[in-house]
Amino acid sequence: MKNGVQKFGKFLSSMVMPNIGAFIAWGLITALFIADGWLPNEGLASIQPYMLTYLLPILIASTGGALIGGERGRVMGAIAIMGCIAGVGGTEGQPMLMGAMVIGPFAGWVIKKFDELMDGHMPTGFEMLINNFSVGIFGMIVAIIGYFLIGPVMTTILNVLSAGVTVLIDHALLPLVAIFVEPAKVLFLNNAINHGIFTPIGSAQAEAAGQSIMYMLEANPGPGLGVLLAYCFMAKDKVTKQSAPGAVIIHFFGGIHEIYFPYILMNPILIVAPIVGNMCSIVFFSLTGCGLKGPSSPGSIIAFLSMAPKDKIVLTIVGVLIAAVVSFVIAAPIIRMMDGKKGSLSEAQGKMNQMKAEAKGNAVSPADTLTDVSGIKKIIFACDAGMGSSAMGATKFRNRIKNVRSDIIVKNTSVDTIPADCDVAVVQTTLAERARKSAPQARLITIGNFLADPSLDAFYEQLAAEKNSADAAQAGAEAAVANAGANNVENAASNKVIDAHGIKLNQTPVSKEEAIRAAGELLVKQGCVDASYVDAMIERERLTTTYMGMGLAIPHGTSEAKGSVKKTGIVLVQYPEGVDFGDEKAQLVFGIAGIGDEHLDLLQKICEALEDEDVMDKMKTTDDVAWILEQLA
């Protein structure tokens, strides 16, 4: 049962988190430009209802559709939610945020099932027609379902919930909501509750009264702050005690409440602290008539106060402090008594990550290790949303290595958007499979804790050692060159796989055979092959073309000609106007000679160097030999 709730909550959160910026924009427009806002402006204030009615539901629904059905699901979700909005009267009806969380994934599921049925049965030549019309037709059908069914049902549910909230307020029972809200956060239902329930109800109250206490129930950073401060002062475990201050900053000022979830999971009884703390703050807010003008998203103290009315800012601060103090007072003795008896922070984070992985349907993978750290230029720290823990981890590791490896770029992203130029991806163990799909080219380091993990320590030591080794090697090489003289330098250059003498630029167009012979003769001059290897290159081309596409050809000899190879080498002949290789033109003709199977490694290295299209295009026309050598180094 609990796992099912976790999966459901995390999935709903995945629809909201990528669109937090839109909620912030809507909240700021509300706080700034409504009649009693900071900068009243009737015209600009008119933007707000359109964002609430159309923009936010469309973003949520399209994201939900994409999570299930990919890009086609994204379009389906955007189409379908319009039916819900129209079905409840547009700007006159209830905001369809909860409706978006239902119909978006449903629309994505519909198109996903259609695509599965059509897989392997698509008539040749009709792919585009079927793909476009299927989204249009099924999108229309789901939109009609939204108009007649989902929209009205969601409105009924919200009306019932609104009535229930009114009863709670009238009978001074609203603080009891904290009993539900705080545990729901740890089960990843926070975004669903805040944006699916509290925000629609709050928007109706704010429209009538100018503010709503509903915006304060989930977003209040005080309860979580008290728990984290208790760990700062009371924890005995060194790792936990050192990590807590950083978590305080990210939670309180960054608004990423998820950061304190593992601290609760270490000692589940601690959930009592934020519950009671939030209850006390709700009582205070109710008695003093506090509320926010718009949603505080994310739940940062900065966003929380920016949404408060001018005359209630001090009272709002007091309410947050009450929650923090009460939560701290309850959590501190529990932490002191239970510290070390209920598991470590890394174990709790692993448990939390397991929840997140299960919500995404991912299995746990064993930790990966690196045996070679050479050539690393970009390291990406990736978490589920790319907003909280990975940002903290990247910042800490960047500061850690800047003195020993300032050449390495360290950034953070969502695990699903790791960039293609990432060399090493650092992810939680439970996200390893998603990272492999997102960045198959990257080497993985899997960890349990972004703040303090043995794998990160080992990785740092490897990078530092590699840097020291490289510095020593460079110093040794410089000394050797200085002592050996010009002749030794010339001999050393001759042992390179490719050097300036093996590159010819700006050649006039010739026939394919002439181009291949030119590359072969250059290999002969470089001392890589015997003259007989050139004829073997021509024979190889007759068997099957060595044109690779994108203006690149890699002529080389037949397997029988391996005896003609003296040493491994690469040469490049550039033809800016192109050489005809069948129906295509090759501007770059790489001649290859490899001892044994070394030519396979050479082919891979060339492909890696030319993966960047900008590099490829420039290499076809440049007259800078040094730049080419740098790209192929």
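Residues numbered from 1 in each chain as written. Predicted model: local features only at pLDDT ≥ 70, side-chain atom pairs only at ≥ 80, totals over all residues. Heavy atoms only, no water.

Visitor: Can you tell me about a negative patch on the surface, naming the residues and giving the values?
Guide: A contiguous patch of negative charge on the surface is contributed by Asp-612, Glu-613, Asp-614 and Asp-617. Locating Asp-617 in the fold gives a position in helix 24 (residues 613-619). Residue Asp-617 is classed as partly exposed on the basis of its relative accessible area of 44%. (Patch = residues over 30% accessible without salt bridge, like charges linked within 9 Å, V, L, I, M, F, W, Y side chains within 5 Å. Areas by Shrake-Rupley, 256 points an atom, 1.4 Å probe, with all protein chains shown as cover. Salt bridge = Lys/Arg side-chain N within 4 Å of Asp/Glu carboxyl O. Lys, Arg positive; Asp, Glu negative; His and termini not counted. Charge placed at Lys NZ, Arg CZ, Asp CG, Glu CD. Helix = DSSP H or I, 4+ residues; strand = E, 2+ residues; numbered from the N terminus. Buried < 20%, exposed > 50% of the residue type's maximum accessible area, 1.4 Å probe, protein only.)

Visitor: Give a detailed account of the sheet that holds strand 3 (residues 424-428), specifying residues and quantitative values.
Guide: Reading across the sheet, the four strands line up as 2-1-3-4 and stay open at both edges, with parallel pairing between neighbours. Each edge of the open sheet carries a strand with a single partner, namely strand 2 (409-414) and strand 4 (443-447). The average undirected angle you get between the axes of adjacent strands in this sheet is 25°. (Pairing = 2+ DSSP bridges. Axes fitted to C-alpha atoms, helices over the stretch in contact; angles between N-to-C directions.)

Visitor: Let's hear about the packing of helix 7 (residues 178-186) against helix 8 (residues 190-209): which residues, and what values?
Guide: In the contact formed by helix 7 and helix 8, the axes pass within 7 Å of each other and the chain directions differ by 130°. When the interaxial angle is binned, helix 7 and helix 8 end up oblique. Mapping the contact onto sequence places Phe-180, Val-181, Ala-184 and Lys-185 in helix 7 and Asn-190, Ile-193 and Phe-198 in helix 8. For the contact of helix 7 with helix 8, a count of residues per class yields five nonpolar, one polar and one charged. (Parallel < 35°, antiparallel > 145°, perpendicular 65-115°, else oblique. Contact = heavy atoms within 4.5 Å. Nonpolar A, V, L, I, M, F, W, Y, C, P; charged D, E, K, R; others polar.)

Visitor: I'd love a proper account of the pairing of strand 8 (residues 569-581), names of residues and values included.
Guide: Taken across its 13 residues, strand 8 has ten buried, putting it largely inside the fold. As judged from the two bridges shared by strand 5 (residues 503-504) and strand 8, these two strands associate in the parallel manner. Its bridge partner being in strand 8, Ile-503 is matched across the sheet by Leu-572. In this structure, strand 8 lies alongside strand 9 (residues 584-593), joined through nine bridges in antiparallel fashion.

Visitor: Could you give me a rundown of the pattern of salt bridges, with the residues and numbers involved?
Guide: By the definition in use, this model includes 15 salt bridges. Lys-377 is the salt-bridge partner of Asp-407, the closest N and O atoms lying 3.8 Å from each other. Of this pair, Asp-407 sits in the loop between helix 17 (389-401) and strand 2 while Lys-377 sits in the loop between helix 16 (345-360) and strand 1 (378-383); the two residues are 30 residues apart in sequence, bridging distant segments of the chain. Looking at Asp-407, the relative accessible area reads 35%, which means it is partly exposed. The exposure class of Lys-377 is partly exposed, given its relative accessible area of 49%. With its nearest N and O atoms 3.2 Å apart, the salt bridge here joins Asp-535 to Arg-517. Taken together, the positions of Asp-535 in helix 22 (residues 532-543) and Arg-517 in helix 21 (residues 512-525) put the pair 18 residues apart, joining distant regions of the chain. On the basis of relative accessibility, which here comes to 44%, the residue Asp-535 falls in the partly exposed class.

Visitor: Lay out the nonpolar core in plain terms, naming residues and giving numbers.
Guide: With 98 residues, the main nonpolar core has Ile-81, Phe-198, Leu-217 and Tyr-231 as its most contacted residues. Ignoring sequence-local partners within four residues, the contact set of Tyr-231 consists of Thr-240, Lys-241, Ala-244, Tyr-263, Met-266, Asn-267, Leu-270 and Ile-335. Membership of the second largest hydrophobic core comes to 23 residues, among which are Ala-519, Cys-528, Tyr-533 and Val-589. (Core = buried A, V, L, I, M, F, W, Y, C linked by side-chain atoms within 4.5 Å.)

Visitor: So what about unusual backbone geometry? Which residues, and what values?
Guide: The phi torsion at Ala-172 lies on the positive side, around 55°, for a residue other than glycine. Along the polypeptide, Ala-172 turns up in the loop between helix 6 (127-170) and helix 7. Its identity as a non-glycine residue notwithstanding, Asn-506 has a phi of 55°, on the positive side. Note that Asn-506 resides in the loop between strand 5 and helix 21. Judged by its relative accessible area of 43%, Asn-506 falls in the partly exposed class.

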